[in-house]
Amino acid sequence: MQDDAEAREAQKGVFDAGRSIVRPKRGGLGTVTAPAADIPVFATTDVLVVGGGPAGTTAAIAAARTGAKVILAERYNHLGGLSTGGLVIWIDRMSDWDGKLVIRGLAEELLDRLPADAIKGPSKALWGSRDEAAVSAWAPRASAHHGAVTWAPMIDPEWLKLASLAMISEAGVDVLLHTWVTAPLMEDGRIAGAIVESKEGRMAIRAGAVVDASGDGDMFARAGEGAEGDIDQDNIHHCANTASLLSGVDVDAWMAFRTSDSTGFKEFMQAGRAAVKHFILPMAGWRDDVVVFMGPRFAGFDVLKIDDLTQLELLSRQAIVDLLHFYKRHAPGFEKAWLMLTAPQLGARHSRRLVGQTRMTAAETRSGQVLADEIGVSPSLSPNWPTVSVPYGALLPQSTPNLLVAGRHISSDAQTHTFMREIPQCWLTGHAAGVAAALTAGRKLAARDVPVADIRKELARQGAYLQAPA
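Visitor: Residue-level account of the sheet that holds strand β15 (residues 283–284), with values.
Guide: Strands sit in the order β15-β16-β14-β18 across an open sheet of four strands; the sheet is antiparallel. Each having just a single partner strand, β15 and β18 (338–342) make up the two edges of the open sheet. Two strands pair when backbone bridges link them, and strand β14 (residues 244–247) and β18 are joined in this way by four bridges, in the antiparallel orientation. Within the sheet, the bridge partner assigned to leucine 246 lies in β18 and is leucine 339. Along the sheet, helix α9 (residues 306–330) contacts β14, β16 (290–293) and β18; its crossing angle with β18, the most-contacted strand, is approximately 160°.

Visitor: Now, about the pattern of salt bridges: what can you tell me, with residues and values included?
Guide: Scanning all chains against the criterion turns up 22 salt bridges. We note a salt bridge from aspartate 218 to arginine 352, for which the minimum N-O separation is 3.2 Å. With aspartate 218 in helix α6 (residues 218–222) and arginine 352 in the loop between β19 (347–348) and β20 (353–354), the pair connects residues that are 134 residues apart, well separated along the chain. For aspartate 218, a relative accessible area of 15% puts it in the buried group. Since its relative accessible area comes to 19%, arginine 352 is described here as buried. A salt bridge links arginine 443 to aspartate 454, with the nearest nitrogen and oxygen atoms 2.7 Å apart. On the criterion of sequence distance, the pair formed by arginine 443 in helix α12 (residues 423–443) and aspartate 454 in helix α13 (residues 452–461) is long-range, its members being 11 residues apart. Residues joined by salt bridges that share partners form a network here, namely Arg65, Glu109, Arg113 and Glu170.

Visitor: Which residues make up helix α8 (residues 262–275), and what values go with them?
Guide: Counted at 1.5 Å a residue, the expected span for α8 with its 14 residues is 20 Å, and the 20 Å between its end C-alpha atoms agrees. Turning to α8, its buried residues are Gly264, Phe265, Phe268, Met269 and Gly272. Taken around the axis of α8, the buried residues stretch over an arc of 140°, which confines them to a single face. Of the exposed residues in α8, those oriented more than 90 degrees away from the buried face are Thr263, Glu267 and Ala274.

Visitor: Can you tell me about empty space enclosed by the protein, naming the residues and giving the values?
Guide: Taken as a whole and judged by the stated rule, the model has five cavities of 30 Å³ or more. In this structure, the largest cavity spans a volume of roughly 90 Å³. Along the walls of the largest cavity sit 13 residues, with Arg104, Leu428, His431, Ala464 and Tyr465 positioned nearest its centre. Class assignment of the residues belonging to the lining of the largest cavity gives a composition of 10 nonpolar, two polar and one charged.

Calculation notes
- Residues numbered from 1 in each chain as written.
- Predicted model: local features only at pLDDT ≥ 70, side-chain atom pairs only at ≥ 80, totals over all residues.
- Heavy atoms only, no water.
- Pairing = 2+ DSSP bridges.
- Helix = DSSP H or I, 4+ residues; strand = E, 2+ residues; numbered from the N terminus.
- Contact = heavy atoms within 4.5 Å.
- Axes fitted to C-alpha atoms, helices over the stretch in contact; angles between N-to-C directions.
- Salt bridge = Lys/Arg side-chain N within 4 Å of Asp/Glu carboxyl O.
- Buried < 20%, exposed > 50% of the residue type's maximum accessible area, 1.4 Å probe, protein only.
- Expected span 1.5 Å × (residues − 1).
- Arc of directions from axis to C-beta.
- 1 Å grid on protein atoms, 1.4 Å probe; cavity = no way out; pocket = protein on both sides within 12 Å on 5 of 7 lines; lining within 4 Å.
- Points joined across faces, edges and corners; volume = space filled by probe spheres on them.
- Nonpolar A, V, L, I, M, F, W, Y, C, P; charged D, E, K, R; others polar.

This is the structure:
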(Lines give C-alpha, C1' and ligand atoms only; values in the text may rest on other atoms or scores of the structure.)
Protein backbone atom coordinates (compact mmCIF):
# COMPACT_ATOMS: atom_id res chain seq x y z
CA MET A 1 0.00 0.00 0.00
CA GLN A 2 1.16 3.54 -0.75
CA ASP A 3 2.27 4.78 2.68
CA ASP A 4 4.36 7.92 2.23
CA ALA A 5 4.10 10.95 4.50
CA GLU A 6 1.99 12.86 1.99
CA ALA A 7 -0.65 10.13 1.87
CA ARG A 8 -0.81 9.86 5.64
CA GLU A 9 -1.20 13.61 6.00
CA ALA A 10 -3.98 13.69 3.41
CA GLN A 11 -5.77 10.91 5.28
CA LYS A 12 -5.73 13.09 8.39
CA GLY A 13 -7.05 16.09 6.51
CA VAL A 14 -6.67 18.69 9.27
CA PHE A 15 -7.50 22.28 8.33
CA ASP A 16 -7.35 25.22 10.73
CA ALA A 17 -10.38 26.92 9.21
CA GLY A 18 -11.97 27.97 12.47
CA ARG A 19 -9.52 30.71 13.27
CA SER A 20 -10.27 32.56 10.03
CA ILE A 21 -14.04 32.64 10.56
CA VAL A 22 -15.57 35.97 11.57
CA ARG A 23 -18.18 35.07 14.16
CA PRO A 24 -21.28 37.22 14.68
CA LYS A 25 -21.27 39.28 17.83
CA ARG A 26 -23.63 37.70 20.32
CA GLY A 27 -24.84 38.73 23.77
CA GLY A 28 -24.82 42.10 25.44
CA LEU A 29 -28.47 42.58 24.55
CA GLY A 30 -29.90 42.55 28.03
CA THR A 31 -31.97 39.83 29.64
CA VAL A 32 -35.55 38.64 29.76
CA THR A 33 -37.44 37.28 32.75
CA ALA A 34 -39.25 33.99 32.35
CA PRO A 35 -42.25 33.53 34.61
CA ALA A 36 -41.88 30.99 37.41
CA ALA A 37 -43.65 27.74 36.69
CA ASP A 38 -44.06 24.31 38.17
CA ILE A 39 -42.45 21.66 35.96
CA PRO A 40 -44.48 18.47 35.67
CA VAL A 41 -42.72 15.20 36.49
CA PHE A 42 -42.90 13.11 33.35
CA ALA A 43 -41.47 9.90 34.81
CA THR A 44 -39.49 8.39 37.67
CA THR A 45 -36.81 5.75 37.33
CA ASP A 46 -33.87 4.11 39.08
CA VAL A 47 -31.33 5.16 36.44
CA LEU A 48 -31.54 7.97 33.91
CA VAL A 49 -29.05 7.79 31.04
CA VAL A 50 -28.47 11.08 29.23
CA GLY A 51 -27.53 10.49 25.61
CA GLY A 52 -28.00 7.43 23.39
CA GLY A 53 -24.59 7.33 21.74
CA PRO A 54 -22.26 4.33 22.15
CA ALA A 55 -21.67 4.98 25.86
CA GLY A 56 -25.30 5.77 26.62
CA THR A 57 -26.56 2.72 24.76
CA THR A 58 -24.38 0.26 26.66
CA ALA A 59 -24.96 2.09 29.95
CA ALA A 60 -28.73 1.73 29.60
CA ILE A 61 -28.54 -1.95 28.59
CA ALA A 62 -26.10 -2.78 31.39
CA ALA A 63 -28.16 -1.04 34.06
CA ALA A 64 -31.36 -2.73 32.89
CA ARG A 65 -29.72 -6.15 32.83
CA THR A 66 -29.00 -5.79 36.55
CA GLY A 67 -32.75 -5.46 37.10
CA ALA A 68 -32.88 -1.67 37.44
CA LYS A 69 -35.61 0.47 35.97
CA VAL A 70 -33.94 2.59 33.28
CA ILE A 71 -34.85 5.58 31.10
CA LEU A 72 -32.63 6.52 28.16
CA ALA A 73 -33.15 10.05 26.78
CA GLU A 74 -31.74 10.84 23.32
CA ARG A 75 -32.11 14.08 21.33
CA TYR A 76 -31.97 12.43 17.85
CA ASN A 77 -34.29 9.85 16.29
CA HIS A 78 -31.80 6.99 16.60
CA LEU A 79 -29.28 5.34 18.91
CA GLY A 80 -25.57 4.89 18.32
CA GLY A 81 -24.48 8.52 18.24
CA LEU A 82 -21.35 9.10 16.21
CA SER A 83 -21.06 5.40 15.32
CA THR A 84 -24.35 5.67 13.40
CA GLY A 85 -25.63 9.22 12.92
CA GLY A 86 -22.09 10.58 12.81
CA LEU A 87 -20.99 8.01 10.18
CA VAL A 88 -17.95 7.00 12.22
CA ILE A 89 -18.45 3.58 10.69
CA TRP A 90 -14.86 2.48 11.24
CA ILE A 91 -14.90 0.79 14.64
CA ASP A 92 -11.40 1.27 16.00
CA ARG A 93 -9.37 -1.62 17.39
CA MET A 94 -11.05 -3.90 19.91
CA SER A 95 -8.25 -6.49 19.99
CA ASP A 96 -4.78 -6.20 21.46
CA TRP A 97 -1.67 -6.51 19.30
CA ASP A 98 -1.63 -10.29 19.71
CA GLY A 99 -5.20 -10.58 18.49
CA LYS A 100 -6.94 -11.07 21.83
CA LEU A 101 -10.34 -9.39 22.01
CA VAL A 102 -10.17 -7.15 25.09
CA ILE A 103 -13.20 -4.90 24.55
CA ARG A 104 -15.96 -7.43 25.00
CA GLY A 105 -19.37 -7.75 26.64
CA LEU A 106 -22.03 -5.48 25.22
CA ALA A 107 -19.67 -4.06 22.59
CA GLU A 108 -18.98 -7.53 21.25
CA GLU A 109 -22.67 -8.44 21.35
CA LEU A 110 -23.65 -5.35 19.35
CA LEU A 111 -21.29 -6.25 16.52
CA ASP A 112 -22.22 -9.94 16.65
CA ARG A 113 -25.83 -8.94 15.95
CA LEU A 114 -25.01 -7.29 12.65
CA PRO A 115 -25.85 -9.27 9.49
CA ALA A 116 -22.87 -10.64 7.60
CA ASP A 117 -23.29 -8.06 4.83
CA ALA A 118 -23.39 -5.18 7.35
CA ILE A 119 -19.85 -5.61 8.72
CA LYS A 120 -16.50 -6.02 6.99
CA GLY A 121 -13.30 -6.95 8.77
CA PRO A 122 -10.70 -9.71 9.01
CA SER A 123 -11.72 -13.14 10.22
CA LYS A 124 -10.98 -14.01 13.83
CA ALA A 125 -8.25 -16.40 12.67
CA LEU A 126 -6.28 -13.42 11.35
CA TRP A 127 -6.45 -11.21 14.45
CA GLY A 128 -2.91 -10.58 15.62
CA SER A 129 -1.37 -12.02 12.45
CA ARG A 130 1.93 -10.53 11.25
CA ASP A 131 1.70 -12.32 7.91
CA GLU A 132 2.76 -9.82 5.25
CA ALA A 133 0.03 -10.84 2.82
CA ALA A 134 -2.69 -10.50 5.46
CA VAL A 135 -1.35 -7.16 6.65
CA SER A 136 -1.14 -5.88 3.06
CA ALA A 137 -4.72 -6.97 2.41
CA TRP A 138 -6.20 -5.32 5.51
CA ALA A 139 -4.04 -2.22 5.95
CA PRO A 140 -5.86 -0.27 3.19
CA ARG A 141 -9.09 -0.98 5.06
CA ALA A 142 -7.66 0.30 8.37
CA SER A 143 -7.77 -3.16 9.95
CA ALA A 144 -3.99 -3.69 10.10
CA HIS A 145 -1.64 -1.36 11.93
CA HIS A 146 2.06 -1.47 12.83
CA GLY A 147 2.43 -4.73 10.93
CA ALA A 148 -0.38 -6.58 12.70
CA VAL A 149 -3.94 -7.46 11.70
CA THR A 150 -6.51 -6.20 14.24
CA TRP A 151 -10.25 -6.39 14.80
CA ALA A 152 -11.28 -2.93 13.56
CA PRO A 153 -14.21 -3.47 11.18
CA MET A 154 -16.32 -1.21 9.02
CA ILE A 155 -20.04 -1.38 9.77
CA ASP A 156 -23.36 -0.42 8.18
CA PRO A 157 -24.67 2.43 10.39
CA GLU A 158 -28.32 1.62 9.72
CA TRP A 159 -27.94 -1.94 10.98
CA LEU A 160 -26.04 -0.74 14.04
CA LYS A 161 -28.96 1.58 14.82
CA LEU A 162 -31.30 -1.40 14.62
CA ALA A 163 -29.06 -3.67 16.71
CA SER A 164 -28.72 -0.98 19.38
CA LEU A 165 -32.46 -0.44 19.55
CA ALA A 166 -33.13 -4.19 19.66
CA MET A 167 -30.81 -4.71 22.63
CA ILE A 168 -32.25 -1.69 24.41
CA SER A 169 -35.79 -2.93 23.89
CA GLU A 170 -35.00 -6.50 24.94
CA ALA A 171 -33.43 -5.19 28.15
CA GLY A 172 -36.65 -3.35 28.99
CA VAL A 173 -35.22 0.17 28.80
CA ASP A 174 -37.74 3.00 28.48
CA VAL A 175 -36.43 4.95 25.45
CA LEU A 176 -37.26 8.61 24.89
CA LEU A 177 -36.14 9.80 21.45
CA HIS A 178 -36.49 13.41 20.29
CA THR A 179 -35.83 14.43 23.88
CA TRP A 180 -33.20 17.01 24.78
CA VAL A 181 -31.94 16.86 28.37
CA THR A 182 -31.21 20.47 29.27
CA ALA A 183 -30.19 20.57 32.94
CA PRO A 184 -29.62 18.39 35.98
CA LEU A 185 -32.26 18.40 38.71
CA MET A 186 -30.22 19.07 41.86
CA GLU A 187 -31.44 18.52 45.42
CA ASP A 188 -29.15 18.83 48.47
CA GLY A 189 -25.99 18.30 46.43
CA ARG A 190 -27.32 15.19 44.73
CA ILE A 191 -28.59 14.84 41.19
CA ALA A 192 -32.24 13.87 41.49
CA GLY A 193 -32.87 13.53 37.76
CA ALA A 194 -32.98 16.04 34.94
CA ILE A 195 -35.05 18.64 33.12
CA VAL A 196 -35.94 17.69 29.57
CA GLU A 197 -37.39 19.58 26.61
CA SER A 198 -39.44 18.11 23.78
CA LYS A 199 -42.49 18.84 21.63
CA GLU A 200 -44.48 18.30 24.83
CA GLY A 201 -42.67 21.18 26.51
CA ARG A 202 -40.49 21.25 29.62
CA MET A 203 -40.74 18.29 31.98
CA ALA A 204 -38.75 16.60 34.74
CA ILE A 205 -37.54 13.03 35.12
CA ARG A 206 -36.67 11.86 38.62
CA ALA A 207 -33.94 9.27 39.05
CA GLY A 208 -31.93 7.57 41.77
CA ALA A 209 -28.74 7.82 39.70
CA VAL A 210 -27.79 9.53 36.45
CA VAL A 211 -25.26 8.59 33.77
CA ASP A 212 -23.94 11.55 31.79
CA ALA A 213 -23.26 10.09 28.34
CA SER A 214 -23.99 13.35 26.53
CA GLY A 215 -20.55 13.43 24.90
CA ASP A 216 -19.94 17.00 25.99
CA GLY A 217 -20.34 16.57 29.75
CA ASP A 218 -23.51 18.66 29.78
CA MET A 219 -24.82 17.17 33.00
CA PHE A 220 -21.63 17.17 35.05
CA ALA A 221 -20.73 20.70 33.95
CA ARG A 222 -24.15 22.06 34.88
CA ALA A 223 -24.02 20.18 38.16
CA GLY A 224 -20.96 22.25 39.01
CA GLU A 225 -18.27 19.61 38.43
CA GLY A 226 -14.90 20.68 37.05
CA ALA A 227 -13.84 20.21 33.45
CA GLU A 228 -10.65 20.31 31.41
CA GLY A 229 -10.43 21.41 27.81
CA ASP A 230 -6.76 21.39 26.86
CA ILE A 231 -5.85 19.68 23.60
CA ASP A 232 -2.85 18.11 21.93
CA GLN A 233 -2.22 20.30 18.89
CA ASP A 234 -0.23 17.55 17.18
CA ASN A 235 -3.17 15.21 16.61
CA ILE A 236 -6.61 15.27 15.03
CA HIS A 237 -8.61 14.58 18.15
CA HIS A 238 -9.66 18.15 18.82
CA CYS A 239 -11.01 18.62 15.29
CA ALA A 240 -14.65 18.48 14.18
CA ASN A 241 -16.56 17.94 10.95
CA THR A 242 -19.54 16.28 9.33
CA ALA A 243 -18.69 12.96 7.65
CA SER A 244 -20.14 11.72 4.34
CA LEU A 245 -20.76 8.51 2.42
CA LEU A 246 -20.29 8.11 -1.34
CA SER A 247 -21.78 5.18 -3.20
CA GLY A 248 -21.43 3.95 -6.79
CA VAL A 249 -17.70 3.50 -6.19
CA ASP A 250 -15.67 0.58 -7.52
CA VAL A 251 -13.66 0.12 -4.34
CA ASP A 252 -11.54 -2.68 -5.79
CA ALA A 253 -10.45 -0.44 -8.68
CA TRP A 254 -9.61 2.38 -6.25
CA MET A 255 -7.63 0.04 -3.99
CA ALA A 256 -5.71 -1.41 -6.94
CA PHE A 257 -4.77 2.11 -8.02
CA ARG A 258 -3.55 3.04 -4.55
CA THR A 259 -1.53 -0.11 -4.00
CA SER A 260 -0.19 -0.84 -7.50
CA ASP A 261 0.44 2.48 -9.22
CA SER A 262 2.72 4.45 -6.92
CA THR A 263 3.61 7.05 -9.55
CA GLY A 264 0.00 7.59 -10.59
CA PHE A 265 -1.15 7.80 -6.99
CA LYS A 266 1.52 10.36 -6.13
CA GLU A 267 0.46 12.48 -9.12
CA PHE A 268 -3.16 12.13 -8.05
CA MET A 269 -2.31 13.32 -4.54
CA GLN A 270 -0.45 16.34 -5.89
CA ALA A 271 -3.30 17.24 -8.23
CA GLY A 272 -5.85 16.87 -5.45
CA ARG A 273 -3.96 19.14 -3.10
CA ALA A 274 -3.63 21.74 -5.85
CA ALA A 275 -7.26 21.61 -6.99
CA VAL A 276 -9.27 21.03 -3.80
CA LYS A 277 -8.95 23.34 -0.83
CA HIS A 278 -9.76 20.64 1.74
CA PHE A 279 -8.35 17.55 0.06
CA ILE A 280 -8.41 14.20 1.90
CA LEU A 281 -8.54 10.48 1.16
CA PRO A 282 -11.60 8.26 1.74
CA MET A 283 -11.81 4.98 3.62
CA ALA A 284 -13.36 1.86 2.11
CA GLY A 285 -16.74 1.07 3.66
CA TRP A 286 -18.53 -2.11 4.63
CA ARG A 287 -19.52 -2.72 0.98
CA ASP A 288 -17.33 -2.67 -2.10
CA ASP A 289 -19.34 0.18 -3.60
CA VAL A 290 -19.24 2.56 -0.61
CA VAL A 291 -16.54 4.82 0.81
CA VAL A 292 -16.64 7.16 3.78
CA PHE A 293 -14.97 10.54 4.07
CA MET A 294 -14.29 10.99 7.79
CA GLY A 295 -13.35 14.60 7.13
CA PRO A 296 -12.08 17.08 6.19
CA ARG A 297 -11.36 17.74 9.86
CA PHE A 298 -11.47 21.36 10.93
CA ALA A 299 -9.53 22.82 13.85
CA GLY A 300 -10.14 26.08 15.67
CA PHE A 301 -13.83 25.57 16.42
CA ASP A 302 -15.68 25.29 19.72
CA VAL A 303 -18.36 22.60 19.43
CA LEU A 304 -20.17 24.09 22.44
CA LYS A 305 -20.95 27.25 20.41
CA ILE A 306 -23.95 27.49 18.07
CA ASP A 307 -22.20 29.66 15.48
CA ASP A 308 -19.21 27.32 15.33
CA LEU A 309 -21.43 24.27 14.90
CA THR A 310 -23.26 26.00 12.07
CA GLN A 311 -20.05 26.98 10.27
CA LEU A 312 -18.75 23.45 10.60
CA GLU A 313 -21.84 22.06 8.90
CA LEU A 314 -21.54 24.54 6.03
CA LEU A 315 -17.82 23.91 5.55
CA SER A 316 -18.19 20.14 5.67
CA ARG A 317 -20.96 20.02 3.10
CA GLN A 318 -19.18 22.28 0.65
CA ALA A 319 -16.01 20.24 1.09
CA ILE A 320 -17.68 16.94 0.20
CA VAL A 321 -19.15 18.47 -2.97
CA ASP A 322 -15.68 19.67 -4.00
CA LEU A 323 -14.19 16.26 -3.24
CA LEU A 324 -16.93 14.43 -5.13
CA HIS A 325 -16.35 16.48 -8.29
CA PHE A 326 -12.58 15.96 -8.18
CA TYR A 327 -12.75 12.24 -7.48
CA LYS A 328 -15.28 11.62 -10.25
CA ARG A 329 -12.92 13.26 -12.75
CA HIS A 330 -9.59 11.90 -11.55
CA ALA A 331 -9.87 8.84 -9.27
CA PRO A 332 -10.12 5.32 -10.74
CA GLY A 333 -13.27 3.65 -9.46
CA PHE A 334 -15.10 6.94 -8.77
CA GLU A 335 -16.44 7.59 -12.26
CA LYS A 336 -20.02 6.75 -11.22
CA ALA A 337 -19.79 7.93 -7.61
CA TRP A 338 -22.68 9.80 -6.04
CA LEU A 339 -23.31 11.47 -2.71
CA MET A 340 -25.20 8.93 -0.64
CA LEU A 341 -25.44 10.71 2.73
CA THR A 342 -24.03 13.55 4.78
CA ALA A 343 -24.13 12.67 8.46
CA PRO A 344 -27.15 13.87 10.44
CA GLN A 345 -24.81 14.30 13.43
CA LEU A 346 -21.73 16.47 13.42
CA GLY A 347 -18.56 14.66 14.43
CA ALA A 348 -17.35 16.37 17.60
CA ARG A 349 -14.25 14.67 18.97
CA HIS A 350 -13.61 16.79 22.04
CA SER A 351 -15.13 19.53 24.18
CA ARG A 352 -15.05 18.96 27.95
CA ARG A 353 -13.33 16.28 30.00
CA LEU A 354 -14.34 15.56 33.57
CA VAL A 355 -12.06 16.45 36.46
CA GLY A 356 -12.75 13.17 38.16
CA GLN A 357 -11.65 11.24 41.19
CA THR A 358 -9.03 9.50 39.04
CA ARG A 359 -7.39 11.04 35.98
CA MET A 360 -6.14 8.71 33.29
CA THR A 361 -2.69 9.85 32.14
CA ALA A 362 -0.42 8.87 29.28
CA ALA A 363 2.32 7.72 31.64
CA GLU A 364 0.01 5.46 33.62
CA THR A 365 -1.70 3.98 30.56
CA ARG A 366 1.70 2.94 29.19
CA SER A 367 2.88 1.38 32.46
CA GLY A 368 1.06 -1.93 32.15
CA GLN A 369 -0.20 -1.63 35.71
CA VAL A 370 -3.44 -3.49 36.37
CA LEU A 371 -5.44 -1.14 38.56
CA ALA A 372 -7.33 -2.30 41.63
CA ASP A 373 -10.46 -0.49 40.42
CA GLU A 374 -10.23 -1.68 36.81
CA ILE A 375 -13.61 -1.74 35.06
CA GLY A 376 -12.38 -2.43 31.53
CA VAL A 377 -9.36 -2.94 29.32
CA SER A 378 -8.44 -0.94 26.22
CA PRO A 379 -5.97 -1.82 23.49
CA SER A 380 -2.86 0.35 23.54
CA LEU A 381 -1.84 2.74 20.79
CA SER A 382 1.38 0.90 20.00
CA PRO A 383 2.64 -2.70 20.04
CA ASN A 384 5.42 -1.39 22.26
CA TRP A 385 2.95 -0.61 25.05
CA PRO A 386 0.78 -2.99 27.12
CA THR A 387 -2.99 -2.94 27.20
CA VAL A 388 -4.60 -0.19 29.26
CA SER A 389 -6.35 -0.76 32.59
CA VAL A 390 -9.31 1.62 32.80
CA PRO A 391 -10.09 2.84 36.36
CA TYR A 392 -13.53 3.24 37.89
CA GLY A 393 -12.42 6.56 39.37
CA ALA A 394 -12.26 8.11 35.88
CA LEU A 395 -16.07 7.79 35.71
CA LEU A 396 -16.65 9.50 39.07
CA PRO A 397 -17.08 13.26 39.58
CA GLN A 398 -15.44 14.95 42.54
CA SER A 399 -18.62 15.92 44.37
CA THR A 400 -21.97 14.78 42.96
CA PRO A 401 -22.46 11.43 44.71
CA ASN A 402 -24.93 9.68 42.41
CA LEU A 403 -23.66 10.87 39.03
CA LEU A 404 -21.60 8.63 36.71
CA VAL A 405 -19.82 9.76 33.56
CA ALA A 406 -19.23 7.64 30.44
CA GLY A 407 -17.95 8.24 26.94
CA ARG A 408 -15.46 10.65 25.46
CA HIS A 409 -15.63 13.07 28.41
CA ILE A 410 -14.35 10.78 31.18
CA SER A 411 -11.47 12.02 33.32
CA SER A 412 -8.20 11.87 31.38
CA ASP A 413 -5.36 13.97 30.08
CA ALA A 414 -5.35 15.17 26.47
CA GLN A 415 -3.09 12.34 25.25
CA THR A 416 -5.16 9.58 26.80
CA HIS A 417 -8.31 11.15 25.39
CA THR A 418 -7.02 10.45 21.87
CA PHE A 419 -7.95 6.76 22.22
CA MET A 420 -10.41 6.71 25.13
CA ARG A 421 -12.83 8.76 23.01
CA GLU A 422 -13.10 6.04 20.32
CA ILE A 423 -16.32 4.06 19.80
CA PRO A 424 -15.20 0.78 21.48
CA GLN A 425 -13.84 2.63 24.52
CA CYS A 426 -17.15 4.49 24.81
CA TRP A 427 -18.97 1.15 24.76
CA LEU A 428 -16.58 -0.02 27.49
CA THR A 429 -17.02 2.95 29.85
CA GLY A 430 -20.76 3.03 29.22
CA HIS A 431 -21.05 -0.62 30.17
CA ALA A 432 -19.25 0.00 33.47
CA ALA A 433 -21.13 3.22 34.25
CA GLY A 434 -24.49 1.51 33.68
CA VAL A 435 -23.69 -1.30 36.10
CA ALA A 436 -22.36 1.14 38.70
CA ALA A 437 -25.38 3.45 38.35
CA ALA A 438 -27.78 0.55 38.87
CA LEU A 439 -25.95 -0.51 42.03
CA THR A 440 -25.77 3.11 43.21
CA ALA A 441 -29.51 3.61 42.83
CA GLY A 442 -30.48 0.17 44.14
CA ARG A 443 -28.40 0.43 47.28
CA LYS A 444 -28.97 4.17 47.79
CA LEU A 445 -25.23 4.73 48.05
CA ALA A 446 -22.83 7.26 46.66
CA ALA A 447 -21.26 5.85 43.50
CA ARG A 448 -17.83 6.06 45.11
CA ASP A 449 -19.05 3.78 47.93
CA VAL A 450 -20.23 0.95 45.68
CA PRO A 451 -17.65 -1.83 46.07
CA VAL A 452 -15.63 -2.14 42.88
CA ALA A 453 -15.60 -5.89 43.39
CA ASP A 454 -19.39 -5.91 43.00
CA ILE A 455 -19.20 -3.82 39.82
CA ARG A 456 -16.54 -6.14 38.39
CA LYS A 457 -18.57 -9.21 39.27
CA GLU A 458 -21.60 -7.92 37.41
CA LEU A 459 -19.50 -6.77 34.45
CA ALA A 460 -17.97 -10.24 34.22
CA ARG A 461 -21.44 -11.77 34.35
CA GLN A 462 -22.38 -9.56 31.39
CA GLY A 463 -19.35 -10.75 29.40
CA ALA A 464 -16.86 -7.90 29.90
CA TYR A 465 -13.15 -8.69 29.83
CA LEU A 466 -11.29 -7.83 33.05
CA GLN A 467 -7.79 -8.51 34.31
CA ALA A 468 -7.07 -9.72 37.83
CA PRO A 469 -5.74 -6.85 39.97
CA ALA A 470 -2.22 -7.27 41.27
